[in-house]
Every structure is written in structure tokens, then in C-alpha cells.
Amino acid sequence: MSVTAVPAADNAAALAHFAARLAFETDVSDVAADLAAGVPGVVVVDSRSRESWDQGHIEGAVHLPTAEIATRAPGLVPREATVVTYCWGPGCNGATRAALEFAKLGYRVKEMIGGFEYWAREGFPVETASGVTRRPVDALTAPVSGIACAC
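Below or above, wherever it landed, is the structure these notes cover.

Details of the overall build of the protein
Within the protein, the secondary structure is distributed over six helices and eight strands. Across its three principal axes, the protein shows a C-alpha extent of roughly 50 × 40 × 30 Å. Across the 151 residues that make up the protein, the buried fraction comes to 34%. In the protein, the proportion of contacts linking residues at least 24 apart, taken out of those at least 6 apart, comes to 64%.

Details of the pairing of strand S6 (residues 108–113)
Remember that side chains alternate between the two faces of the sheet whenever the strand is regular. The pairing of strand S1 (residues 25–27) with S6 spans three bridges and is classified as parallel. Bridge pairing in S6 places Glu25 opposite Glu111. Looking at chain direction, strand S5 (residues 82–86) and S6 are connected through four bridges and run parallel. Across the sheet, the residue bridging to Val84 is Lys110, located in S6.

Section: the sheet that holds strand S7 (residues 126–128)
An order of S3-S7-S8 is seen for the three strands of this open sheet, with the pairing classed as antiparallel. Of all the strands in the sheet, the pair left with one neighbour each is strand S3 (57–58) and strand S8 (131–133). In this sheet, S7 lies alongside S3 in antiparallel orientation, the contact comprising two bridges. Across the sheet, the residue bridging to Ile58 is Val126, located in S7.

Regarding the packing of aromatic side chains
For the structure shown, the criterion picks out four aromatic pairs. Aromatic side chains Trp88 and Phe116 sit 6.0 Å apart centroid to centroid with 75° between the ring planes, which places their arrangement in the edge-to-face category. Remark: Phe116 occurs in helix H6 (residues 115–121) and Trp88 occurs in the loop between S5 and helix H5 (94–104); sequence separation between them is 28 residues. Using a relative accessible area of 33% as the deciding quantity, one classes Trp88 as partly exposed. By the ring-pair criterion, three or more aromatic residues cluster together here, those being Tyr86, Trp88 and Phe116. It is Arg48 that lies over the ring of Trp88; its NZ or CZ is 4.4 Å from the centre. Between Arg79 and the ring centre of Tyr107, over which it is positioned, the NZ or CZ distance is 4.4 Å.

Parameters at a glance
- Residues numbered from 1 in each chain as written.
- Predicted model: local features only at pLDDT ≥ 70, side-chain atom pairs only at ≥ 80, totals over all residues.
- Heavy atoms only, no water.
- Helix = DSSP H or I, 4+ residues; strand = E, 2+ residues; numbered from the N terminus.
- Buried < 20%, exposed > 50% of the residue type's maximum accessible area, 1.4 Å probe, protein only.
- Contact = heavy atoms within 4.5 Å.
- Pairing = 2+ DSSP bridges.
- Phe/Tyr/Trp six-rings, centres within 6.5 Å; stacked < 30°, edge-to-face > 60°.
- Lys NZ or Arg CZ within 6 Å of the ring centre and 35° of its normal.

This is how it looks when you write it as C-alpha cells:
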């Protein structure tokens with residue numbers, strides 16, 4: 001009876017809630033697909049520290065720590081872009097804080113849920129000073145066969 005102890009939202013509320021979540025969030029698979037397809041107007045922003053960036057980041061991402069967004073974003077990120085922010089992972093709200101800073105500047109922005117952790121765990125390309133590598137897919141996060149989960 002735990003699931004139904006609090007009734008599920010009515011249909012109108014559920015529609016509004018889930019549509020809003022998709023307007024504010026994206027996932028690593030969708031970001032990877034857009035980057036691979038060269039979808040124009042998507043700018044991925046890593047909001048972590050220099051040390052974290054150097055440890056590994058999404059190939060093609062812009063390094064812009066949250067504290068620097070207000071001053072540096074206008075010179076680095078086109079105003080018409082859809083910005084996708086990420087930080088370490090689901091246990092970190094750095095991407096949320098970064099998304100808030102972009103929203104304050106008037107950018108369209110989404111947070112990449114799962115962050116860099118799930119990007120790496122799903123086997124997407126990770127860039128370091130040594131080059132681009134891929135880690136083995138973690139079977140708890142994505143199909144190891146390489147096919148999409150078709151969510």
C-alpha cells in the first residue's frame with residue numbers, strides 16, 4: 001500500500017509535470033546522439049573545476065565553471081544556442097546551479113541528468129590531455145550490446 005498511500009496525480013497534473021521535466025532535462029544518450037549527428041545550436045557546458053575537467057570531459061564541451069558563467073558565457077556561448085549543462089553526476093547539483101546561471105542570462109538551457117558519471121558509464125567518448133577514449137559500458141546503465149535502450 002506504500003505506492004498508493006499518496007494517490008497518483010490526476011492526468012492534467014501528470015501531463016504538465018512530465019512535459020515540464022522534459023523541457024528542463026535531457027539525458028546522456030540524447031546528448032550523445034545530437035553531438036554525433038552534429039545537430040546545430042547545441043552547446044554542452046562542463047561546469048566543473050579545472051582539475052575535474054582535466055580528469056576527463058565530454059569531447060567538444062565548453063569548460064565554464066559555474067562561478068564564471070555570468071562573466072564569460074556571453075563571449076563563449078551564442079545567445080541562440082540551447083545550452084546543456086553537466087557536472088559530476090546524480091549526486092551533484094552543480095549542473096542545476098550552472099543551468100540557473102544560464103537562465104539568469106536569458107539562455108535556453110537544459111540539465112543533462114546523470115552528468116559526467118553516466119556519460120562515462122554508458123561508454124560515450126571521454127576526452128583528456130592524452131586523447132579520446134571510451135570506457136566499457138556498465139551493464140547497469142546501458143545495454144552492453146551497443147544498441148540503444150529505445151526509451
